[in-house]
Amino acid sequence: MQMKEIKVKNNKTNYSIFIGGNILHILSKKINLLCPKAQKIALVIDKKIPAIFSKKIKKNLKKYNLFIFEYTSNEKLKSFKNASLLTEKLLEKQFNRSDVLISLGGGVIGDFTAFVASITKRGINFINVPSTLLAQVDSSIGGKTGVNSKYGKNLIGSFYQPRLVVADVELIKSLPSREIICGYAEILKHAIILKKGFFKWLELNSNQLIFKRNLNFLQKAIYESCKIKLYFVNKDLNEKNIRMTLNFGHTFAHAIEAKSNFSNKLNHGEAVLIGMMMATKLSYIKKVTSKKTLLDIENIYKKNKIKLKITDYFSKKDFKEIVKFMINDKKNNDKKINLILLKKIGKTTKPGNYKLSTQEINKTFPKLI
């Protein structure tokens, strides 16, 4: 497998995303090039990462003064309190702006570490080594960092770009099946919102991603997903307009996660799959999309044995509380709920074009399950 590089260039950042197999060895060389004055490196690791990978990185970075911070990865880690504690530890070790903070883990570890990097001395070098399919196609790209609030997910955060992203597909081999589905959710979303051709490719090859874990197919899916996300990010770095398109299905999903108290019974990707289907059904009800588009998305779910439904996790009496969490979504700028709806495969409504009242969402909600 030949390593692929995506160069991310805009008026605020310039870094590369490397995608390939067994590529962790490039870290030392790249750090030396990008951060030549670095002396200290803090490696923030998800405790579930197989030891073989963390050992490779430790060996590769042996010339640096290396500090290891291990965490159990769950949404409860993403608190302002935990971020403050890690920041204080870095200050205690006298980290400065020329030093490096590396994340080795999924989206939770990446969001958390990037946020700490952004607030420590107003920003130290950050490198992301995403270990899950979800993180490789989504959270490691675009520079959004964040921790959670009791009022919702990722409501405390910043925009802070990495110096480098290294996506090693070998890390995906050991993931539980739920984590593969979690990443697939974002891959599918990227196809739905922008690239009909990529959607057609997924119709033919999703089996290679979800069940066979073919690394060549995974590399292609990751590469295509990254390019789609960057298409939106580069047009709208601070998520003021078109970048909100990436939140297709997420207004429902984030509220569902918040209602479940970010528990393990429902992961982010599963919530996104539920949310995308609800958003598609709403698009059909509002006559924004056709019956054929709804059936095409339902069929790709069925073909890949995705049977997730909101009623598997919540009763009808919970629906109004879920809608309350939707009101706190970051995309809202008034008392209405801002939703991205689907026109057809590859094209959505523009951000801000569909805003529904709480009463209207509550009334429609039972039709979306």
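Structure: above.
So, here's what we can say about the structure. (Residues numbered from 1 in each chain as written. Predicted model: local features only at pLDDT ≥ 70, side-chain atom pairs only at ≥ 80, totals over all residues. Heavy atoms only, no water.)

On to the overall build of the protein. Scanning the protein for helices and strands turns up 13 helices and 13 strands. Its C-alpha atoms give the protein a radius of gyration of 20 Å, near enough to 21 Å, the size a compact globule of 369 residues would have. Across its three principal axes, the protein shows a C-alpha extent of roughly 60 × 40 × 40 Å. With 369 residues in all, the protein has 59% of them scored as buried. Counting contacts in the protein only where the partners sit at least 6 residues apart, residues at least 24 apart contribute 75% of the total. Accessible surface, the protein as shown: approximately 16400 Å² in total, 49% of it carbon and sulfur. With 69 positive and 27 negative side-chain charges, the protein shows a spacing of 3 Å between the two charge centroids. (Helix = DSSP H or I, 4+ residues; strand = E, 2+ residues; numbered from the N terminus. Rg over C-alpha atoms; globule rule 2.2 N^0.38 Å. Buried < 20%, exposed > 50% of the residue type's maximum accessible area, 1.4 Å probe, protein only. Contact = heavy atoms within 4.5 Å. Areas by Shrake-Rupley, 256 points an atom, 1.4 Å probe, with all protein chains shown as cover. Lys, Arg positive; Asp, Glu negative; His and termini not counted. Charge placed at Lys NZ, Arg CZ, Asp CG, Glu CD.)

The next thing to look at is helix H4 (residues 107-119). Given 3.6 residues per turn, any residue in an α-helix points the same way as the ones three and four places further on. For H4, with 13 residues, the first-to-last C-alpha span of 18 Å sits near the 18 Å given by 1.5 Å per residue. Counting buried residues along H4, twelve of its 13 residues qualify, which places the element largely inside the surrounding structure. Inspection of H4 places Gly 107, Val 108, Ile 109, Gly 110, Asp 111, Phe 112, Thr 113, Ala 114, Phe 115, Val 116, Ala 117 and Ser 118 among the buried residues, and these make up the whole buried set. A positive backbone phi angle near 50° is found at Lys 121, which sits one or two residues after H4. (Expected span 1.5 Å × (residues − 1).)

This part takes up the packing of helix H7 (residues 196-210) against helix H11 (residues 291-303). Think of two packed helices as two axes; the pair is described by the angle between the axes and how far apart they sit. H11 packs onto H7 with a crossing angle of 25° between their chain directions and a minimal axis gap of 10 Å. Viewed along their axes, H7 and H11 adopt a mutual orientation that is roughly parallel. Where H7 crosses over H11, the two elements pack in a sense that is left-handed. Note on element contacts: H11 touches H7 through Asp 296, Ile 300 and Lys 303, opposite Phe 199, Leu 202, Glu 203, Leu 204 and Ser 206. Along the lines of polarity and charge, the residues of the contact of H7 with H11 split into four nonpolar, one polar and three charged. (Axes fitted to C-alpha atoms, helices over the stretch in contact; angles between N-to-C directions. Parallel < 35°, antiparallel > 145°, perpendicular 65-115°, else oblique. Left-handed = near helix turned anticlockwise from the far one by under 90°. Nonpolar A, V, L, I, M, F, W, Y, C, P; charged D, E, K, R; others polar.)

A word on a positive patch on the surface. A surface patch of positive charge is lined by Lys 196, Lys 343, Lys 344, Lys 347 and Lys 350. Structurally, Lys 344 is set in strand S11 (residues 342-344). (Patch = residues over 30% accessible without salt bridge, like charges linked within 9 Å, V, L, I, M, F, W, Y side chains within 5 Å. Salt bridge = Lys/Arg side-chain N within 4 Å of Asp/Glu carboxyl O.)

Taking strand neighbours across the sheet as the criterion, the seven strands line up as S1-S2-S9-S6-S5-S3-S4 in an open arrangement whose pairing is mixed. Looking at which strands have only one partner, the edges of the open sheet turn out to be strand S1 (4-9) and strand S4 (65-71). Pairwise comparison of adjacent strand axes, ignoring direction, gives a mean angle of 15° for this sheet. Running over the sheet, helix H2 (residues 51-60) touches strand S3 (40-46), S4 and strand S5 (100-105) and is turned about 175° from S3. Across the face of the sheet, helix H8 (residues 215-233) comes into contact with S1 and strand S2 (14-20) while running at roughly 10° to S1. (Pairing = 2+ DSSP bridges.)

Think of a pair of aromatic rings as described by two things: how far the centres are apart, and how the planes are tilted against each other in angle. According to the stated counting rule, one finds eight aromatic pairs in the structure shown. Here Phe 252 and Phe 365 contribute two aromatic rings whose centre-to-centre distance is 6.3 Å and whose plane-to-plane angle is 65°, an arrangement assigned as edge-to-face. Residue Phe 252 is located in helix H9 (residues 250-259), and its partner Phe 365 is located in the segment after helix H13 (358-364); the two are separated by 113 residues in the primary sequence. Classification of Phe 252 as buried rests on a relative accessible area of 2%. With relative accessibility at 1%, the residue Phe 365 sits in the buried group. Here a set of aromatic residues connected by ring pairs shows up, and it is made of Phe 198, Trp 201 and Phe 217. The aromatic ring of Tyr 223 is capped on one face by Lys 4, whose charged end is 4.6 Å from the ring centroid. In this arrangement the basic side chain of Lys 305 is found over the ring face of Phe 211, its NZ or CZ atom lying 5.7 Å from the centre. (Phe/Tyr/Trp six-rings, centres within 6.5 Å; stacked < 30°, edge-to-face > 60°. Lys NZ or Arg CZ within 6 Å of the ring centre and 35° of its normal.)

For the rest of this paragraph, the subject is the nonpolar core. Residues Leu 188, Leu 202 and Phe 365 are the most contacted members of the largest nonpolar core, which totals 77 residues. Considering every element that reaches this core, the biggest residue donor is H8, with ten residues. Grouped together as the second largest cluster of nonpolar side chains are 24 residues, Phe 18, Ile 31, Ala 38 and Ile 41 included. (Core = buried A, V, L, I, M, F, W, Y, C linked by side-chain atoms within 4.5 Å.)

Enumeration over the complete set of coordinates arrives at 15 salt bridges. Lys 153 is paired through a salt bridge with Glu 75; the nearest N and O atoms lie 3.3 Å apart. Of this pair, Lys 153 sits in strand S8 (residues 152-159) while Glu 75 sits in the loop between S4 and helix H3 (80-92), placing them 78 residues apart in sequence. By relative accessible area, Lys 153 is classed as buried at 8%. Using a relative accessible area of 13% as the deciding quantity, one classes Glu 75 as buried. Among the charged side chains, a network of salt bridges with common partners joins Glu 75, Lys 78, Asp 111, Lys 153 and Glu 257.

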